[in-house]
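Observations on the model geometry
Residues per chain, in single letters:
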Amino acid sequence: MKVKTKETVVAWWMVFPAILVISIIAFFPLFKTFYDSFYEFGLRPDIERKFVGFGNYVSLFKDSRFIAALKNTIFFTVVSVALETAFGLLIAIIVNQPFKLRGMVRAAMLIPWAIPTAISSQMWKWMFNDQGGIMTRFLENLGIIEHGVPILGMPQTAMWAIIAVDVWKTTPFMALLILAGLQLIPEELYEAARIDGANLWQRFTKITLPMLRSTIAVALIFRTLDALRVFDVVFIMTRGSVNTETLAVYNRVLLMDRAFTGSWFGYGSALSVVIFLLISIFAIIYIKSLKLKLD
Amino acid sequence: MSTKTKKFIYNFVLVISVIFVLVWCIFPFYWAVVSSLKPNIELFDSNPSLLPKNPTFSNYVKVFQERPFHVNIINSIIVSGITTLTTLIFGSFAGYAIARLHMRGKAIVMALILSVSMFPQISILGSLFVILRKLGFINTYQGLIIPYVAITLPLTTWILQNFFRDLPKEIEEAAAIDGCSRLRTLFQIVFPMSAPGLVATGLLTFISAWNEFLFAFTFMQKPDYYTVPVAIAMFAGRSQYEQPWGQLMAAAVIVTVPLVALVLIFQNRIIAGLSSGAVKG
C-alpha cells in the first residue's frame, strides 16, 4: 500500500508539467474568452469595459458578415470533406493494389501533408495567378474559365480554388488513413466472395465499404473538426475577400485588427465562443466514435 | 472478354491511376522548383514551359539579399527545436505515468490533455494574446514556444503513451526488483528503449511547430521575428502590385526540401504515429 502511494505521488509529479502548460495556455484563456464575451470593450486602454450579458451574441446573429462567414465555413467544410473522403477512398484503393514502386508512391503521398499550409497556399496562389499561372492556363484550355478571369478575384471561382488547395493537401493523408483500415480487411473475405461469384462492384459495396465504415467515420469527423476552423489557406489566398471569408478569418479581424480601434474585443470573444461550441459538437461525436479506452 | 484482355485493362487503368496519384502529390512542388529556376521574363510566359529554358539561381541569391529570410529560418529552427525538446520531455513524463504508474483518475488526466487537441486555436487567440502582452512576451521566442508546447503536447503524450504501453513490462519489473528507482528506470531503461518512438514523435512535433501559422502571425509582429510560414505568407515585392513569384518559390523550395527529405526518410514511423494519433481507439 505504501509503495502504491509513493508511486501515485511520483505519477502526479510526472503529469504536472503537462497539465500546468495546457492549463495556462489553453484552459485559462478559454475560460477568459467565455468571460470576456459578456462584455463590451476593446484593447485600447481608454475604452470603457461594459457588461452586456448576451448582447454580443444577439448582435452576432444579426451581423450579416457573420452569417456570410458561417455560410462560407459550412460550404467549405461540406464540399472539401466530401471530396477528400471520396478521392481519399479512391486513392487508398489504388495504392492498395500490388504494383512496382508502391512504397515510393505511398511515400510521395506524404509530401502535400508535410509542406506547411502557408507555403503550399502560396505555391497554389502562384499557379492560380492570372498572369503566368499554370492552373489558370490549364483551366482556360479546358474551357472551364474564360480567358482573363482572375480566379482568386471572383466570388464564383475563389472559394473553389481554396477548396482545391485543401483537397490537394489533405486527400493523400486521408488516403493513408483509409489505407491503414483497408489493410486490416482479411483477404479471405474477398476470395470467398469471388468463389460465390460476386463481381468487383459487389465486393466493394458488400465487403470493402462496410469493413471501412468506422475508419472512414473517424477520418471524416477528424477532418470536419479541422475544416470548421480553417484559417491559413483562406487568409493567404484571398485575405477573406470576394466572399470567401470564414469564421476564423472574421474572428481574427475582430480580435486583432478592430479591437485596437473600437470596442470589438468582447464581440470577437463571443464569436470565438460560437466557433468553440460548434467544434465541440463534432469533437464529442468524434470522442464517442473512438470509444477511448484507458484501462 | 478473355482473362487476357481483362488483365490488360486492369493494368492499363492501374498505371493511369498511379500516374494520376503521383502527379497530384508532386506537381505543385515540382512547379515551385521549376518556377524558382526561371528568370523573370520566362515566369510570365503565356505558355509556361514545363522546364526552365535558361535556368538561373538568381532567385535563390536574392531571397537572402533582399530580405532577412535567413533570420526567419533561424527563428523557425529555434522555436520548433525548443518546442520539440520541451514537448518530448513533458510528454514522455506524462505518457509514462499514464501508461505504467498507479494513479487514480488517469483517464481524466488523459482526456483533459487530449481535449486540447480539439480546441480551435482561434478560440483562445484573443485571450492568449492579451496574456502574452501582459507578460511582455509578444515578439519573443518564449511567447511562441510556450503556446506551441501546449498545442503539441496532446498528440505527443498520446502517441508516447501508446508506445510505452507496448514495451515489455518484464524489464522494468526486473529493474524494480534489483532496487532501481522509478525515475532511474525511466531514464536508464525506458527512454533508451523508446529511442525510435521518441525520434518519430519528435519529428511530428517539429513539423507541426514548423508549420504553424496563426499563432506565429499574431504573436510575432516584427519581420525580424517572423517564422518561415509567416515570412512566406507576408512576402512582398517593392510595390504592392508586384509579387516576386520567382523569389517566393525559391524561398518555398529552400524550406520545403529538408522537410520533404525528413518525411521520406521517416515515412513508415510517421504513418504509424499519425494513424495511432488519429484512428487508434
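Since the model is a prediction, treat every value here as computed from it, not as a measurement.

The rules behind the values
Residues numbered from 1 in each chain as written. Chains lettered and ligands numbered in written order. Predicted model: local features only at pLDDT ≥ 70, side-chain atom pairs only at ≥ 80, totals over all residues. Helix = DSSP H or I, 4+ residues; strand = E, 2+ residues; numbered from the N terminus. Rg over C-alpha atoms; globule rule 2.2 N^0.38 Å. Buried ≥ 20, exposed ≤ 12 C-beta atoms within 10 Å, placed from the backbone. Contact = placed C-beta atoms within 7 Å. Axes fitted to C-alpha atoms, helices over the stretch in contact; angles between N-to-C directions. Parallel < 35°, antiparallel > 145°, perpendicular 65-115°, else oblique. Nonpolar A, V, L, I, M, F, W, Y, C, P; charged D, E, K, R; others polar. Domains from an automatic or database assignment. Core = buried A, V, L, I, M, F, W, Y, C linked by C-beta atoms within 7 Å. Arc of directions from axis to C-beta. pLDDT = per-residue confidence, 0-100.

1. Describing the overall build of chain A
- For chain A, the count of helices and strands is 13 helices and two strands.
- In terms of overall size, chain A is more extended than a compact globule, its C-alpha atoms giving a radius of gyration of 24 Å where 295 residues would be expected to give roughly 19 Å.
- Expressed along its principal axes, the backbone C-alpha trace of chain A runs to roughly 80 × 75 × 30 Å.
- A burial count over chain A gives 45% of its 295 residues as buried.
- Counting only contacts in chain A whose residues sit at least 6 apart along the sequence, the fraction spanning at least 24 positions is 71%.

2. Digging into the overall build of chain B
- Check the secondary structure of chain B and you find 14 helices and zero strands.
- What you see in chain B, going N to C, is helices and strands ordered as α-α-α-α-α-α-α-α-α-α-α-α-α-α.
- Here chain B has a C-alpha radius of gyration of 24 Å; the compact-globule value for 281 residues is 19 Å, and the former is much larger.
- Taken along its principal axes, the extent of the C-alpha atoms in chain B is 75 × 75 × 35 Å.
- For chain B, buried positions account for 44% of its 281 residues.

3. Let's talk about the packing of helix 12 (residues 247-257) of chain A against helix 6 (residues 121-134) of chain B
- Where helix 12 of chain A meets helix 6 of chain B, the axes come as close as 10 Å, and the angle between the chain directions of the two elements is 5°. Relative to helix 6 of chain B, the element helix 12 of chain A is oriented roughly parallel. Across the interface between the two elements, A248, N251, R252 and L255 of chain A from helix 12 of chain A touch I122, L125 and G126 of chain B from helix 6 of chain B.
- Taken together, the residues of the contact of helix 12 of chain A with helix 6 of chain B sort by class into four nonpolar, two polar and one charged.

4. Observations concerning the domain arrangement of chain B
Residues and elements named next belong to chain B.
- Here the domain parsing of chain B yields domain 1 (3-56) and domain 2 (62-278).
- Taken residue by residue, the interface counts eight residues in domain 1 and seven residues in domain 2.
- Those elements that provide at least two residues to the side of domain 1 that touches domain 2 are helix 1 (3-37) and helix 2 (40-43).
- By residue number, the principal contributor to the side of domain 1 that touches domain 2 is helix 1, which donates five residues.

5. Regarding the interface of chain A and chain B
- Tallying the contact residues gives 79 residues for chain A and 78 residues for chain B.
- For the side of chain A that touches chain B, the leading source of residues is helix 1 (residues 2-36) of chain A, giving 20 residues.
- Partitioned by chemical class, the residues of the side of chain A that touches chain B number 56 nonpolar, 13 polar and ten charged.

6. A short note on unusual backbone geometry
- Positive phi is not limited to glycine here, since R239 of chain A has a value of about 60°.
- Examined against the element boundaries, R239 of chain A turns out to sit in the loop between helix 11 (232-238) and helix 12.
- With phi around 60°, N139 of chain B is a residue other than glycine that occupies positive phi space.
- Looking at the element boundaries, N139 of chain B is found in the loop between helix 6 and helix 7 (142-166).
- Since 14 C-beta atoms lie within 10 Å of it, N139 of chain B is described here as partly exposed.

7. Focus: the nonpolar core
- Ranked by internal contacts, the top residues of the largest apolar core, which has 164 residues, are I162 and L271 of chain A together with A150 and A252 of chain B.
- In terms of residue count, helix 8 (residues 155-182) of chain A provides more of this core than any other element does, 15 residues in total.
- When residues of this core are assigned to domains, at least three map to each of domain 1 (3-56) and domain 2 (62-278) of chain B.
- Dropping the residues within four chain positions of it, A252 of chain B is found in contact with I119, Q122 and M123 of chain A together with A32 and I232 of chain B.

8. With respect to helix 5 (residues 106-115) of chain B
- Within the span of helix 5 of chain B, buried status applies to V109, M110, I113 and L114 of chain B. Projected onto a plane normal to the axis of helix 5 of chain B, the buried residues spread over an arc of 130° and lie on a single side.

9. Considerations on the environment of S289 of chain A
All names here are of chain A.
- Counting through the fold element by element, S289 comes out in helix 13 (residues 265-290).
- A tally of 15 C-beta atoms within 10 Å means that S289 is categorised as partly exposed.
- Along the backbone, S289 and A217 are 72 residues apart, and their C-alpha atoms lie at a distance of 7.8 Å.
- Ignoring any residue separated from it by four or fewer positions in sequence, one finds S289 in contact with A217, V218 and I221.

10. Some words on the environment of R223 of chain A
- Along the polypeptide, R223 of chain A turns up in helix 10 (residues 200-228).
- Sequence-distant contacts of R223 of chain A, defined by excluding residues within four places in its chain, comprise V81, E84, T170 and M174 of chain A.

11. Things to note about the environment of L112 of chain B
- With respect to the helices, strands and loops of the structure, L112 of chain B is situated in helix 5.
- L112 of chain B sits 53 residues away from R165 of chain B along the chain, and the two C-alpha atoms are 19 Å apart.

12. Quick word on the confidence of the model for chain B
- Residues at a pLDDT of 70 or more form 95% of chain B, whose mean pLDDT is 87.
- Confidence estimates for the predicted assembly give a pTM of 0.90 and an ipTM of 0.89.

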